[in-house]
Number of protein chains: 2
Amino acid sequence: MPLTANDPTRQSWLEVPKNSDFPIQNIPFGVFLTRDDIITIGTRIGNTAIDLGALHQLGYFKGIELTDDIFLQDTLNDFIADGRKTWRLVRNRISDIFLKDNPELRDNTEHKERVLFTMNEIEMQLPVDVGDYTDFYASKEHATNVGSLFRDPENALLPNWLHIPIGYHGRSSSIIPSGTPVRRPNGQTKPGENGTPGFGPSKLLDFELEMAFITTASNALGRRIPIKEADEHIFGLVLLNDWSARDIQAWEYVPLGPFLGKNFASTISPWIVTLDALHDFKVSGPKQDPEPLPYLKQGEKKNYDINLEASIKPEGGKETVVCRSNFKYMYWSMVQQLAHHTINGCNVRSGDMMGSGTISGPTPDSYGSMLELSWKGTKPVQLSDGSSRKFIEDGDTVILRGYCQNDKVRIGFGDCAGKVLPARKI
Amino acid sequence: MPLTANDPTRQSWLEVPKNSDFPIQNIPFGVFLTRDDIITIGTRIGNTAIDLGALHQLGYFKGIELTDDIFLQDTLNDFIADGRKTWRLVRNRISDIFLKDNPELRDNTEHKERVLFTMNEIEMQLPVDVGDYTDFYASKEHATNVGSLFRDPENALLPNWLHIPIGYHGRSSSIIPSGTPVRRPNGQTKPGENGTPGFGPSKLLDFELEMAFITTASNALGRRIPIKEADEHIFGLVLLNDWSARDIQAWEYVPLGPFLGKNFASTISPWIVTLDALHDFKVSGPKQDPEPLPYLKQGEKKNYDINLEASIKPEGGKETVVCRSNFKYMYWSMVQQLAHHTINGCNVRSGDMMGSGTISGPTPDSYGSMLELSWKGTKPVQLSDGSSRKFIEDGDTVILRGYCQNDKVRIGFGDCAGKVLPARKI
């Protein structure tokens, strides 16, 4: 099926500001509360939110096999389970409906009133009910930095890292949409001289600049997803801030991995940008040496050129971009991650989320966490208001952004933001 | 509210075989398919399954605040979310309905036909939709054994272990009910001399004898569950076999913890035995030294005296009990686990599952995994058919069982069984 919605010459009758993340070539999917407090599945063009539930009721998806209530749900899980053919038909149809020359909805005031919302009339929700959340550790630069900081700079990468897309399970319950405040966690930290562990609010609160992909219902328990088919099972991508309390994490993580240092909150951007919308931004990833085992061998261009940045905005102050990175730096690609995740027969369901791990690039200004940017607190990061940060302070808002751009089109993700509130008293 | 259902003098008009796990004092909750292929929530007395959806439609729960469809669901999540007061009212009412002297249902042949099933007329399902699955590592004997086998017998326990109920996130999607076959996983293993990782079916497939508790909707994100209130948020317990591929696990688990070595399957017993039914079997756990931090300080008797065993049944052969342990050996109790899990504000939902970790006792015959029983393959375990096992072989069925017993009553869990099928060819 052709990706006609990707045609860069297409223009919408809806206004799209210059440098918008959401031209008619994007057509992301999300879930929002409307001005009437109804929850619906929607998309966005420019700064207009579009109620797909209403569009479907009005007959605009005629000819596409969809259940009546497919968009009148509080998550995208069922729509995603319909599979890639359906996603493409729907995305292409939406593109057609909003095409400059198509009068069908454009000239129907009554329909437009039911279907269109300004962004401040709606409230974005979590787009999916995440059944399982897996986080990978797939940036070589990040793994090397962390290995240098916590273990041995001479042997920063552990022996398995170049053979396995290392991953672990995260917590689904504490995944929140952009805009939800994040409470600084309390917890145990390494004992001081008296041998008793420390306890209280984390002193080393950090962000992690990540992306995450959302899967469709993929494989039965006991079956794998061959790497050649892995693409088909990925619906789309979001930005992910995998908040981390480094002091809690450092004390708890041996031998079973990070737990309370991570599971207090993970923020995602609310619009899922489809893999189809990102199709024209495919690039090759870093050369893999040693060669991966056969089940991890991929074809060309399995990475995506997505510019990423992280900003800190102090309470009442201005934003400072503290990191500029790119999704293309990932050593292990998404298809390798999915093929690896299922090689043992682990089943993947619609709405599962798989994070990339922190995406650090080769230069110090591209490191995707404060741990790396401030080199474990030894090099404070300067903000534009004259203050500096080793880690994240109460009142700070951390904002992740990401977009693809070529000479014709820009496809972006919108903001992935969260403000840190002071810890609760115990 | 009194736990009248626990009264050991109560007898049912339903037949209960001697040594049944399911006397009228148990009343566990589960989900099953009936002979008419209808899914319903039910309970069990002796070898009779009881359709609670039908009982409710027939008016037997009059006076208890329940939605009409609360038992006509394919999971217990909503019923569990109703909270402890409701669970107790329902359990006491069921006990009353099946009391020897109560003719209401006993003498109503038509109602009995709608409500009662023999066990071979039904098919047990997963009792809950597990939102998040956490596995702890709470047996000191197990942690010491594993530390001795893989690290240093002189320093077997890691420094954090006596301060923190160590836990990590597992995979929800691959949790399966007793009776579902388990496919031997394929995967990567440590490189041999040529430096290339091994690949193929796991050679070191293991069981882990665990129990797991199921939570109710407990706390909002950012709030903790104080240890004194933790009991209230635990609905009940199941047996859990946390299948493990030791060779895959050994290669992948540093630094982020076990992943594909575990997430190919986790088997649970299908009946959730409520904490209320286990009330008379509370005991004190091992002395905790050093003293835990204040948020982990518990009252008396937070452990439960539950006899546990694991058997291996070769294809076409007889069962051999290879391990006898007890849930009371847990160093960290369930309330400590729940208080710790939420101290950072991590939110717990209805239907979340928290495993104990392998429950090993002090003696070699009480070790809860083949890794420990065969001491990493150096001491093969003898089976009654003359064969021996270092790890689990294709065709073997592993069966976990558990029960509490005093001089008046026995409360058990039924079987938690899974048969191992050969790995799929890649």
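On a predicted model such as this, the values are computed, not experimentally measured, just so you know.

Now for the pairing of strand β14 (residues 234-241) of chain B. Residue and element names in this part refer to chain B. β14 sits mainly inside the fold: 8 of its 8 residues count as buried. Relative to β14, strand β13 (residues 209-215) is paired through 7 bridges, and the arrangement is antiparallel. Bridge pairing in β14 links Leu209 to Asn241. Here β14 runs beside strand β17 (residues 273-274); their pairing, made up of 2 bridges, is antiparallel. By the bridge assignment for β17, Gly236 is matched with Thr274. Sheet topology places β14 next to strand β16 (residues 266-268); 2 bridges connect them, and they run antiparallel. Of the residues in β16, the one forming a bridge with Asn241 is Thr267.

With that out of the way, let us pick up the relation of the copies chain B and chain A. Under the fitted operation, chain B is carried onto chain A by 0.0 Å of movement along the axis and a turn of 180 degrees, and the coordinates agree to an RMSD of 0.0 Å. A rotation of that kind, with that shift, is consistent with a two-fold axis. Minimal C-alpha distance to the rotation axis in chain B is attained by Gly257(B), lying at 2.2 Å.

Moving on to the packing of aromatic side chains. Each aromatic ring pair is characterised by the separation of its centres together with the angle its planes make. This model, assessed by the stated rule, comprises 30 aromatic pairs over all chains. Between Phe79(B) and Phe235(B), the aromatic rings sit 6.2 Å apart at their centres with planes inclined by 90 degrees, giving edge-to-face as the arrangement. Of the two residues, Phe79(B) sits in helix α2 (residues 77-81) while Phe235(B) sits in strand β14, which places them 156 residues apart along the sequence. Judged on exposure class, the residue Phe79(B) and its partner Phe235(B) are both buried. Taken together, the ring pairs in this structure connect Phe29(A), Phe61(A), Phe71(A), Phe79(A), Trp87(A) and Phe235(A) into an aromatic cluster. A cation over an aromatic ring shows up here: Arg410(A) above the ring of Tyr403(A), its NZ or CZ 3.9 Å from the ring centre.

Quick look at helix α8 (residues 334-342) of chain B now. All names here are of chain B. Burial within α8 is extensive, with 9 of its 9 residues counted as buried. Those residues of α8 lying buried are Met334, Val335, Gln336, Gln337, Leu338, Ala339, His340, His341 and Thr342. Buried residues along α8 sit in contact with β6 (133-136), β7 (167-169), β13, β14, β19 (303-304) and β22 (353-355).

Rules and cut-offs
Residues numbered from 1 in each chain as written. Chains lettered and ligands numbered in written order. Predicted model: local features only at pLDDT ≥ 70, side-chain atom pairs only at ≥ 80, totals over all residues. Heavy atoms only, no water. Buried < 20%, exposed > 50% of the residue type's maximum accessible area, 1.4 Å probe, protein only. Helix = DSSP H or I, 4+ residues; strand = E, 2+ residues; numbered from the N terminus. Pairing = 2+ DSSP bridges. Least-squares fit on C-alpha atoms with pLDDT ≥ 70 in both. Phe/Tyr/Trp six-rings, centres within 6.5 Å; stacked < 30°, edge-to-face > 60°. Lys NZ or Arg CZ within 6 Å of the ring centre and 35° of its normal. Contact = heavy atoms within 4.5 Å.

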